[in-house]
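Read off the chains here:
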Amino acid sequence: MFRSLMLILFSVSFWYMGYNAVTTAFTRYATEMWGQDVGGASTCLMIATVGAVISYIPIGMISSRIGRKKTILIGVALLAGCFALGALMAATFSPLLYVMFALVGFAWAAINVNSYPMVVEISTSCDVGKYTGYYYTFSMAAQVVTPVLAGTLMRHISYRVLFPYAAIFVGASFVTMCFVRHGDSRAEAKSGLAAFEDMDD
């Protein structure tokens, strides 16, 4: 279980590195690359936020059917694909970006709704606080590091680095999540005669 915990935590760091880089630097990126004003860039980010909010309940229903890990992997693959598409569309502004950011919101919801519960699922009842601390340490550390790292790369190489940077880190989280073996769902409690059989063991 410790291996699965570490893989989930590294996955959390990777997708926050990618996602937070875009949400932090996109306004500056749009200004430098496309000559867009702050309002235009903010609209894209707002669409992503609205897309995530609308998706939270449906994503919860989907994850209850197919499992948390599969839902996260779908979200991660979609998020990485959106950022890769963003890299291809980097030369000019296109209204298709609004669709892309709506999908980014859906993907982020698929990841966020399920990642923390997977960490808690691995913990015991007396360790929930400690495991919550692990989760927020990795996620917050990523959110502190990535604006500095992405900003440095954009200043010294090119603003075009932003979307490939995000796609690479999110793609890395897909790889680490594939090897997670615990935290998907807790075994269902038995009832009736099956429960008495367990008591006899």
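Refer to the preceding data block for the structure.
Reference entry: report on the structure contained in this document. From a predicted model like this one, the values you see are computed outputs, not experimental measurements. (Residues numbered from 1 in each chain as written. Predicted model: local features only at pLDDT ≥ 70, side-chain atom pairs only at ≥ 80, totals over all residues. Heavy atoms only, no water.)

**Here we look at the nonpolar core**
Counting residues in each nonpolar core, the largest one holds 54 residues, and the members touching the most others are Trp15, Phe26, Leu79, Phe83 and Phe101. Among the secondary structure elements, those contributing two or more residues to this core are α1 (2-34), α2 (38-66), α3 (68-88), α4 (96-122), α5 (128-156) and α6 (162-178). No other element matches the 16 residues that α1 contributes to this core. Dropping the residues within four chain positions of it, Phe83 is found in contact with Gly18, Tyr19, Val22, Val104, Phe163, Ala166, Ala167 and Val170. (Core = buried A, V, L, I, M, F, W, Y, C linked by side-chain atoms within 4.5 Å. Buried < 20%, exposed > 50% of the residue type's maximum accessible area, 1.4 Å probe, protein only. Helix = DSSP H or I, 4+ residues; strand = E, 2+ residues; numbered from the N terminus. Contact = heavy atoms within 4.5 Å.)

**Quick notes on a nonpolar patch on the surface**
Together, Val53, Tyr56, Ile57 and Met61 give the surface a local cluster of nonpolar side chains, amounting to about 420 Å² of exposed area. Here Ile57 shows up in helix α2. (Patch = residues over 30% accessible without salt bridge, like charges linked within 9 Å, V, L, I, M, F, W, Y side chains within 5 Å. Areas by Shrake-Rupley, 256 points an atom, 1.4 Å probe, with all protein chains shown as cover. Salt bridge = Lys/Arg side-chain N within 4 Å of Asp/Glu carboxyl O.)

**As for the side chain of Ser63**
Along the polypeptide, Ser63 turns up in helix α2. Take Ser63: its relative accessible area is 10%, and that puts it in the buried class. Within the local environment of Ser63, its side chain forms a polar contact with the backbone oxygen of Gly60, the two atoms lying 3.0 Å apart. Other than its neighbours up to four places away in sequence, Ser63 contacts Arg68, Thr71 and Asn114. (Polar contact = N/O pair within 3.5 Å; in protein donor to acceptor, adjacent residues only side chain to side chain.)

**What about the side chain of Asn20?**
With respect to the helices and strands, Asn20 occurs in helix α1. Residue Asn20 is classed as buried on the basis of its relative accessible area, which comes to 12%. Setting aside anything within four residues of it in sequence, one finds Asn20 in contact with Gln143, Thr146 and Pro147.

**As for α6**
Relative to the 24 Å expected for 17 residues at 1.5 Å per residue, α6 spans 25 Å between its end C-alpha atoms, a close match to the ideal helical length. Leu162, Phe163, Tyr165, Ala166, Ala167, Val170, Ser173, Thr176 and Met177 are the residues of α6 that are buried. Where α6 is buried, its residues touch α1, α3, α4 and α5. (Expected span 1.5 Å × (residues − 1).)

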